[in-house]
Amino acid sequence: MKKSIIIFFTILGIVLSNAQNFKTKRGIINLDGIPVAKISNKSNEYTFMDLKETPLYTIKFIDKSIVDSVRDSYIQINRVYNRDKTIEVDYISPSAFSGEEKSAVYTSIKGFKIIDNMGINVKNLDELFSNVPKRKLDNKTKDAYTVRKKIDKLNLEVNKVGEILSNGVPVGYFTNLPVSFGSDDKIMEKSFIDIEIYDAKSKYIGKYITTTKQLKTAGGKSFTLYKEMSGRASILKYPTYKAIAERIAIMDPNFIKIQEKVSVGPVSQDKPN
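Residues numbered from 1 in each chain as written. Predicted model: local features only at pLDDT ≥ 70, side-chain atom pairs only at ≥ 80, totals over all residues. Heavy atoms only, no water.

### Quick word on the pairing of strand E6 (residues 70-79)
The element E6 is largely enclosed, with a buried count of seven among its ten residues. Both strand E5 (residues 55-67) and E6 contribute to a ladder of ten bridges, which runs antiparallel. The partner of Asp63 across the bridge, within E6, is Ser73. For E6 and strand E7 (residues 82-89), the ladder comprises five bridges, and the chain directions are antiparallel. (Buried < 20%, exposed > 50% of the residue type's maximum accessible area, 1.4 Å probe, protein only. Helix = DSSP H or I, 4+ residues; strand = E, 2+ residues; numbered from the N terminus. Pairing = 2+ DSSP bridges.)

Listed below in structure tokens is the structure:
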């Protein structure tokens, strides 16, 4: 029992001796009560400087939508003295409620040991760029990137009359569009008339129901677009016509593969016969 207590307090002593408490106040980063570096920010980019205010590296926060409601958050790090390379890595936060500045400082100290009791450790910073850690993505995010890669290759666009183009080739079109239609408009108005999608040969592919924000394919698949979320990862509540074209291409692989240069049927507000 006595031996166990000794071991416990020995381990506790090691942990406490290695623990580093940091605090950032008025742009000065303090480590264990000692000023070691400075930080400034512009928008979502943070510049880390030595105590003489010489900029050494920057951290920029990225938060982007991949596909639909799946988002990815990470940071870009760039060395001020060698901007030839920018790396993208995961960041860590001391708590779920930490802001970007605190997360940037915490990642620099605890994650990559770029900042220590002596200040900004340039050797460790350069080592980070030489051996960039692989990002840890969950399966949902990985799958979203796989889908996004396929969609990007299609290079989908929606022109001003509602035609859907893939790499400049007509592959389909929308019907029942509003009079004030714009290809980049968000679909905000609710209508009891569904917005329908057809392929380039006027075959019915599916529809978007504005009242429920649901896409339904001719084959019976359904998907609810753009559920509203709270917090930093909040997303747009209303989709664009391009977002609908992308999702319908995901839901119906046969529609994705249409690449023939054929004449698109009449684009009108009425359903084709």
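Now that the structure is up, let's keep going.
### Observations regarding the packing of helix H4 (residues 139-154) against helix H5 (residues 241-251)
Axis separation between H4 and H5 bottoms out at 11 Å; the angle between their running directions is 115°. Here H5 runs roughly perpendicular to H4, going by the angle between their axes. Remark: the crossing between H4 and H5 carries right-handed chirality. On H5, the residues that touch Val147, Arg148, Ile151 and Leu154 of H4 are Glu246, Ala249 and Ile250. (Axes fitted to C-alpha atoms, helices over the stretch in contact; angles between N-to-C directions. Parallel < 35°, antiparallel > 145°, perpendicular 65-115°, else oblique. Left-handed = near helix turned anticlockwise from the far one by under 90°. Contact = heavy atoms within 4.5 Å.)

### Digging into the sheet that holds strand E11 (residues 163-166)
In space, the seven strands of this open sheet follow the order E10-E11-E12-E13-E14-E15-E16, with antiparallel pairing throughout. Among the strands making up the open sheet, the edge pair consists of strand E10 (156-158) and strand E16 (222-224). Direction aside, the axes of adjacent strands within the sheet are offset by 20° on average. Note: E11 against strand E12 (residues 169-175), four bridges, orientation antiparallel. Residue Glu163 lies in a different strand from E12, and its bridge partner there is Tyr173. The sheet strands contacting H5 are E10, E11, E12, strand E13 (195-199), strand E14 (204-209), strand E15 (214-217) and E16, and the helix crosses E10 at an angle near 135°.

### Some remarks on the sheet that holds E6
Pairing is antiparallel across the open sheet formed by seven strands, whose spatial order is E1-E2-E3-E4-E5-E6-E7. The strands lining the two open edges of the sheet, one partner per strand, are strand E1 (22-25) and E7. The average undirected angle you get between the axes of adjacent strands in this sheet is 25°. Each of E5 and E6 touches H4; the most contacted strand, E5, lies at about 75° to it.

### Points about the environment of Asn21
When you line up the elements, Asn21 lands in the loop between helix H1 (2-18) and E1. Exposure remark for Asn21: the relative accessible area of 57% places this residue in the exposed category. Measuring from C-alpha to C-alpha, the distance between Asn21 and Asp32 comes to 5.0 Å, with eleven residues separating the pair along the chain. In this view, Asn21 contacts Asn30, Leu31, Asp32 and Gly33; residues no more than four positions away in its chain are not counted.

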